[in-house]
Amino acid sequence: MNWIDVGHIDDIPLRGAQIVKTSIGCVAVFRTDEQEVFATSNSCPHKGGPLSEGIVHGRKVTCPLHNWVFSLETGVAQGADAGQIATYPVRLDGGRVLLDLDEIGKRSAA
Amino acid sequence: MQKLVVIGAGMASGRVLEHLRDTAPDAFEITLFNAEPRGNYNRIMLSPVLSGEKSYEEIVTHDDGWYGAGKVNCRFGEKVISIDRDRKVVVGEKGEVSYDKLIIGTGSSPFIIPLPGHDKPGVVAYRDLEDTNAMIEAAGKPGSRAVVIGGGLLGLEAAAGLRLRGMDVTVLHIMGHLMERQLDEAAGYLLKKDLEKRGIDVLLRASTKEIRGRDRVEDVLLEDGTVLPADIVVMAVGIRPSVQLAKDAGLDCGRAIIVDAQMQTSDPAIYAVGECVEFDGNIFGLVAPLYDQAKVLARSLLGEVDAFAMRELSTKLKVTGCDLFSAGDFAEGEGREDIVFRDPARGVYKRLVIEEDRLVGAVMYGDTGDGNWYFGLIKDGTDVSAMRETLIFGPAYQGGASADPLAAVAALPDDAEICGCNGVCKGDIVSAIEAGAGDLGAIRATTKASASCGTCTGLVEQVLAVTLGDDFQMPAAQPVCGCTDLTHEDVRRLIKAQELKSQPAVWQELGWKTPNGCHVCRPAVNFYLLADWPLDYQDDPQSRFVNERNHANIQKDGTYSVMPRMWGGMTNAQELRAIADAADKYNAVVKVTGGQRIDLLGIKKEDLPAIWSDMNDAGMVSGHAYTKGLRTVKTCVGSDWCRFGTQDSTGLGIILEKRLWGSWTPHKVKLGVSGCPRNCAEATCKDVGIICVDSGYQIGVGGAAGMDVKEVERLHDARTEEETIEWTVAFVQLYREHAKYLDRAYKWIAKVGLDWVRDTLADDAERAALVERFDISQSVYQKDPWAERASPEAARHFKPLADLTLEAAE
Ligand code: SRM
Ligand SMILES: Cc1cc2nc3c(=O)[nH]c(=O)nc-3n(C[C@H](O)[C@H](O)[C@H](O)COP(=O)(O)OP(=O)(O)OC[C@H]3O[C@@H](n4cnc5c(N)ncnc54)[C@H](O)[C@@H]3O)c2cc1C
Ligand code: SF4
Ligand code: FES
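Within each chain, residue numbers correspond to sequence positions counted from 1 in written order. Here chains are named by letter from A upward and ligands by number from 1 upward, in the order in which they appear as written. The predicted origin of the model limits local features to residues at a pLDDT of at least 70 and limits the giving and counting of side-chain atom pairs to 80 or more, whereas totals for whole chains, interfaces and linings rest on all residues. Calculated side-chain values reflect all of the structure's heavy atoms, with hydrogen atoms and water omitted.

Going by the annotation in an unreviewed UniProt entry, the name recorded for chain B is Assimilatory nitrite reductase (NAD(P)H) large subunit, with Poseidonocella pacifica given as the source organism. The UniProt entry for chain B carries the following comment under Sequence similarities (unreviewed entry): "Belongs to the nitrite and sulfite reductase 4Fe-4S domain family." UniProt positions are given in the numbering used here, feature names are shortened, and annotations may be inferred rather than shown by experiment. Under the UniProt heading Pathway (unreviewed entry), the entry covering chain B gives this text: "Nitrogen metabolism; nitrate reduction (assimilation)."

Identification of chain A as Assimilatory nitrite reductase (NAD(P)H) small subunit from Poseidonocella pacifica is taken from an unreviewed UniProt entry.

What follows is the structure, given as structure tokens:
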């Protein structure tokens, strides 16, 4: 485990996202509720749309380019579309958002 | 006999003493310190004391008699200053006491935000009897006012109590809905509505800047400049475990005093209980788990084996008439199923969250009778698959009823307006039905409802269905999306009729089936709300597609395009130079668009604020090439240059663009103004196309040249430029107020009929009113989005939250 503080939850808009640059590319950090965050790959498996720019509803995000919908928890595409995005461990400590950098490294290598 | 010393006579330690009294009354010689000048009372019931429903005497848990009978040596009103672990003594303000076993039960202290003025007389917290009495005293002054900072459990109970005592109360809450830890947005909305009904003002997303006053509190200043006069300010923003004593004594502490499952601290002679402990990373704020801790602690002291374990908690608010309940984890998600039930008429909202056939969370408002039953299912992890269909109806469920899609219409009062064109209320329609009108045609003939623009047809049909029951066959209509059974037209009408001014209000009152919509309905509802209530509703960028949120067109590679306005297609050397410089500086590709302006393509997101600022410096604003709003106004050179030009088409185009830019519309709006019927500005295929002729201006509407190619139809022939502008603005406003989201003007006109549009606009008073409403909306929305986002504070949001590329990932 290598929890890294990436910022405060209030820096992410409610039902919105922000990106964190990492050595393996951009990770999207979503805020779905006043006190809930998720982290996934920022890139849509369809044509690479930046998921952090999508509309966040419930615990899902809709890709801004062609409206594929992904679960933020499992990363699985919803409905008729087939595909999955990587999800990463993220947690809140007080208002701080912590990402597990080790896990991000591992999952991208796999 | 062993000597037991207890620090703090609170609810948790009090329960420990009760257990000891019950099981081993003679095991210890007890000394009890309490900083408050009294023994243990039911702190929870301070709220009824505040509101006047109970007296202090009624909430005392242990009186003098109780302590006397147990020979407890009470040292009330005496604070413990330190613990000397080497000598095993506790040092109180009036002297030392030695111990064999020590219990720390110091509870929490209220958190005070260190705002300027937080230490003025008149600022109180809400924790003990002194705070409560200070509030009661402030409320004694006639006409006095209170500001409560914090919209959580405590703050709202304080607000309700003060209101019952006759004060004017305003609650300030920094979050988007009340009690966000316990409630979802829908329940928070209903709670706010109920509090407002009892005269409590609630300001959400309100951030306090300063508490002001000379000798004592006089008013509260918010970040947005609002000033709220106040005789008392109650700060109820959270609690911090009281652990200084334990820390100074060198006990292991995290956020609070760390204990094991036997409630033992890092010193085996010392135990801790209540809000001052941390167990397994958790800290506490409700009494139920504290009572569990107390039992375990009493048994541990007596050498019996027991272990404390975390369990699910439920919350209620002790404000009479605000009936809410929440338990478990109620965030929605994949693998989780939501069952939502709303009864707009009774103000009831229930939401159950199911995961793998078990109930994991429940939020309820308005009807919480079954709360404990659900709580039991959550705690026990009961398999609910067999009752899945009927679960939401509670344990008493008998028959096979299901949620009623007509509930929203059934709930409308008789004076709710259904048909805006003809001013027909629900009551009028019901009377007509009762008088024999049995179908849409008959309703139209007798009341004129839905006989004009027709957008309320769906609602009239629903009133028929509600009134006639099975005798009426509903035609199938296309709902907005899976979140609702209502059509766009119904939603628009109901937003107006019921004066719904926020998203949660729409979700609740119109019986939405999801907690906060989806990517289909949210942008539509966001538009309807801002178009109908420009002064009340605040635009929600998170309900907009990426282009409108970032004010630039996203490209297939994730970069953006930047397109400044060129009013009426006119530009000059200075603007062109600035565009050329920007192209160099930001490495942009330059394209002349089909809309008479210049596009800079391939801009990186983080460069957007900088390029916008450069454009602003050269006097240019956003071209809104990305919005459902005014796009371009194409013009031709007109009478200024052209040998055939009849009027100043360029000038008129510029005036129209300057009047209309920035307004949000159901779909994009494009204009063209040509100087003569040769039509070089291609005005006849625009949403509004104006052809200048010798005698004046021919205004056409409903043109398009995209997926459908449509020629405009003639709306009106105007004699003057002024008249042309008035008709154009009024037409755009009519479109804004009535069309379905994502219907281009031509599609909307096909539904309502050009005749209706023309007749409405031909009415001088109506036309003037439309123009006035448009201008009111523009007073809010005609702002350059680039200028607003070029400031360093706003620009921050265009940068990544963090850059970890240099951090090592093992
Ligand atoms: C830049 C431009 C093409 C160009 O290089 O010239 C353009 C570019 C886009 N058009 Fe267009 N349209 C452009 C002029 C037009 C025109 C011509 C005109 O306005 O005279 C039309 C036909 C006229 C009309 O609208 O009726 C046009 C009809 C469309 C349509 C079809 C609309 C329809 O109702 O059928 C769409 C799709 C939509 O809006 O839903 C569209 C959508 C788009 C989008 C925004 C697609 C998108 O959502 O990403 C394109 C953005 C490209 C990008 O990557 O930035 N564009 N588009 C033109 C910008 C004009 C401007 O200065 O603002
Ligand atoms: C207005 C109000 C309403 C509430 N409503 C609810 C509710 O509806 N449901 C619910 O579950 N919970 C409710 N709570 C929370 C609940 O009251 C607390 O969780 C509970 O009282 C905590 O018990 P405790 O023994 O840990 O601390 P406390 O009850 O706070 O007792 C701690 C005592 O220790 C004393 N003390 C502190 N330091 C020292 C020292 N150095 N020397 C001597 N004495 C010291 C303090 O003076 C205090 O009397 C409410 C709280 C308030 C204030
Ligand atoms: S016609 Fe418009 S939408 Fe289609 S590719 Fe060209 S710019 Fe894009
Ligand atoms: S790139 Fe995401 S849906 Fe096409």
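*Asks:* Just to check I follow, could you spell out the overall build of chain B for this structure?
*Replies:* Working definition: helices are DSSP H or I runs of at least four residues, strands are E runs of at least two. Numbering for both runs from the N terminus. The secondary structure content of chain B amounts to 26 helices and 39 strands. Out of the 810 residues belonging to chain B, those deemed buried represent 54%. Any pair of residues with heavy atoms lying within 4.5 Å of one another is described as a contacting pair. Put simply, 62% of the contacts in chain B that link residues at least 6 apart link residues at least 24 apart. Element-wise, carbon and sulfur atoms account for 48% of the exposed surface of chain B, whose accessible area totals about 34100 Å². Type-normalised accessible area, obtained with a 1.4 Å probe on protein chains alone, sets the label of each residue: buried when under 20%, exposed when over 50%, and partly exposed for intermediate values. Per-residue and other accessible areas follow the Shrake-Rupley method at a 1.4 Å probe size, with only the shown protein chains counted as cover for residues.

*Asks:* Mind showing me how you'd approach the overall build of chain A here?
*Replies:* Across its full length, chain A holds one helix and ten strands. When the helices and strands of chain A are placed in sequence order, the string is β-β-β-β-β-β-β-β-β-β-α. Here chain A, with 110 residues, has 56% of them falling under the buried criterion. Within chain A, contacts between residues at least 6 apart in sequence are counted, and of these 39% link residues at least 24 apart.

*Asks:* Would you explain the pairing of strand β9 (residues 90-93) of chain A in this entry?
*Replies:* Residue and element names in this part refer to chain A. Note on pairing: two strands pair once DSSP finds at least 2 bridges between them. Of the pairings in the sheet, the one linking β9 to strand β10 (residues 96-100) comprises four bridges and is antiparallel in character. The residue of β10 that forms the bridge with L92 is V97. Adjacent in sequence and paired antiparallel, β9 and β10 are bridged by two residues, among which G94 carries a positive phi angle near 60 degrees.

*Asks:* Before we go on, may I ask you to explain the site of ligand 2 in this structure?
*Replies:* Residue and element names in this part refer to chain B. Near ligand 2 lie 28 residues; those nearest to it are A12, R127, E275, V287 and K318. Take A12: an N or O atom from its main chain is 2.8 Å from an oxygen atom of ligand 2. The definition of a polar contact used here is a pair of N or O atoms within 3.5 Å, where within protein one atom must be able to donate a hydrogen and the other to accept one, and adjacent residues in sequence count solely through side-chain atom pairs. Between ligand 2 and G105 there is a distance of 3.5 Å, counted from an oxygen atom to a backbone nitrogen or oxygen. Burial of ligand 2 by the protein chains amounts to 91% of its free accessible area of 1000 Å². Elements that contribute at least two residues to the shell around ligand 2 include exactly α1 (11-23), α5 (153-164) and α8 (287-301). Classification used: nonpolar for Ala, Val, Leu, Ile, Met, Phe, Trp, Tyr, Cys and Pro, charged for Asp, Glu, Lys and Arg, polar for all others including Gly. The residue inventory of the shell around ligand 2, partitioned by class, reads twelve nonpolar, eight polar and eight charged. Residue ranges assigned to the domains are those given by an automatic or database domain assignment. Looking at which domains feed residues into the shell around ligand 2, each of domain 1 (2-108 + 241-301) and domain 2 (123-237) supplies at least three. Residues are classed as near a molecule or strand on a simple rule: at least one heavy atom within 4 Å of it.

*Asks:* How should the sheet that holds strand β5 (residues 89-92) of chain B be read in this particular structure?
*Replies:* Strand pairing in a sheet is mediated by backbone hydrogen bonds. Such pairs are either parallel or antiparallel. Residues and elements named next belong to chain B. Read across the open sheet, the three strands follow the order β4-β5-β6; overall the sheet is antiparallel. Two strands lie at the open edges of the sheet, namely β4 (80-84) and β6 (95-98), each paired on one side alone. Each strand axis lies, on average, 20 degrees off the axis of its neighbour in the sheet, ignoring direction. With four bridges joining them, β4 and β5 adopt antiparallel strand pairing. Where helices are involved, their axes are fitted lines through C-alpha atoms of the stretch in contact, as for all axes, and angles between N-to-C directions lie from 0 to 180°.

*Asks:* Looking at this structure, how should I read the interface of chain B and chain A?
*Replies:* The parts lose accessible area when they come together, and the size of an interface is often stated as this lost area. At the junction of the two partners, chain B supplies 43 residues and chain A supplies 41 residues. Computed with a 1.4 Å rolling probe, the buried area is the accessible surface lost when two parts are put together, summed over both parts. Summing both sides of the interface, chain B and chain A together bury roughly 3600 Å²; the carbon and sulfur share of this comes to 53%. Think of a salt bridge as a Lys or Arg side-chain nitrogen and an Asp or Glu carboxyl oxygen that are within 4 Å of each other. Summed over the shared surface of chain B and chain A, the result is five salt bridges. The closest approach of N and O atoms between K605(B) and E53(A), which form a salt bridge, is 2.7 Å.

*Asks:* I'm lost on the packing of aromatic side chains in this one. Help?
*Replies:* A ring pair, where both rings are aromatic, is described by two values, the distance of the centres and the angle of the planes. For Phe, Tyr and Trp, where Trp contributes only its six-membered ring, two rings pair if their centres lie within 6.5 Å, and the inter-plane angle classes them as stacked under 30 degrees, edge-to-face over 60, or tilted in between. Summed over all chains, the structure comprises 15 aromatic pairs over all chains. Judged by centre distance (6.3 Å) and plane angle (40 degrees), the rings of W68(A) and F70(A) are tilted. Residue classification places F70(A) among the buried positions, given a relative accessible area of 0%. Pairwise contacts between aromatic rings join W66(B), Y67(B) and F76(B) into one cluster.

*Asks:* Would you mind going over the site of ligand 1 with me for this structure?
*Replies:* All names here are of chain B. Near ligand 1, the surroundings consist of 21 residues, among which T593, G594, R597, K668 and K670 are the closest. K591 is positioned with one of its side-chain polar atoms (N or O) 3.0 Å from an oxygen atom of ligand 1. Put simply, the parts of the chain that give the shell around ligand 1 at least two residues each are β32 (630-635) and β36 (704-705). Tallied by class, residues from the shell around ligand 1 come to four nonpolar, nine polar and eight charged.

*Asks:* It is not clear to me how unusual backbone geometry should be interpreted in this structure. Could you clarify?
*Replies:* Most peptide bonds are trans, and most residues other than glycine sit at a negative phi. Residue and element names in this part refer to chain B. The phi dihedral of R205 is positive, around 45 degrees, even though this residue is not glycine. On the basis of relative accessibility, which here comes to 56%, the residue R205 falls in the exposed class. Unusually for a residue other than glycine, N587 sits at a positive phi of about 60 degrees. Within the secondary structure, N587 is located in the loop between α18 (573-586) and β30 (589-592). Relative accessible area serves as the criterion here: at 67%, N587 is assigned to the exposed category.

*Asks:* Before we go on, may I ask you to explain the environment of C419(B) in this structure?
*Replies:* All names here are of chain B. On the secondary structure map, C419 appears in strand β26 (residues 417-419). On the basis of relative accessibility, which here comes to 2%, the residue C419 falls in the buried class. Along the primary structure C419 and T447 are separated by 28 residues, whereas in three dimensions their C-alpha atoms are 9.6 Å apart. Each residue touching C419, except ones within four places of it in the same chain, is listed here: V424, K448, A449, S450, C456 and R493.

*Asks:* Is there a simple way to think about the packing of helix α23 (residues 754-762) of chain B against helix α24 (residues 764-781) of chain B in this case?
*Replies:* All names here are of chain B. Remark: α23 packs on α24, axes separated minimally by 5 Å, with the N-to-C direction vectors making an angle of 90 degrees. On the basis of their axis angle, the class for α23 and α24 is roughly perpendicular. Between α23 and α24, the residues in contact are T760, L761 and A762 and D764, E766, R767 and L770, respectively. Here roughly perpendicular refers to angles of 65 to 115 degrees, roughly parallel to angles under 35, roughly antiparallel to angles over 145, and oblique to all remaining angles.

*Asks:* Is there a simple way to think about the packing of helix α22 (residues 745-752) of chain B against α23(B) in this case?
*Replies:* Residues and elements named next belong to chain B. Close contact between α22 and α23 brings their axes to 6 Å; oriented N to C, the two are set at 95 degrees. The pairing of α22 with α23 is recorded here as roughly perpendicular in orientation. Counting all contacts with α22, which are made through W748, I749 and V752, the residues of α23 involved are L754, W756 and V757. Taken together, the residues of the contact of α22 with α23 break down into six nonpolar, no polar and no charged.

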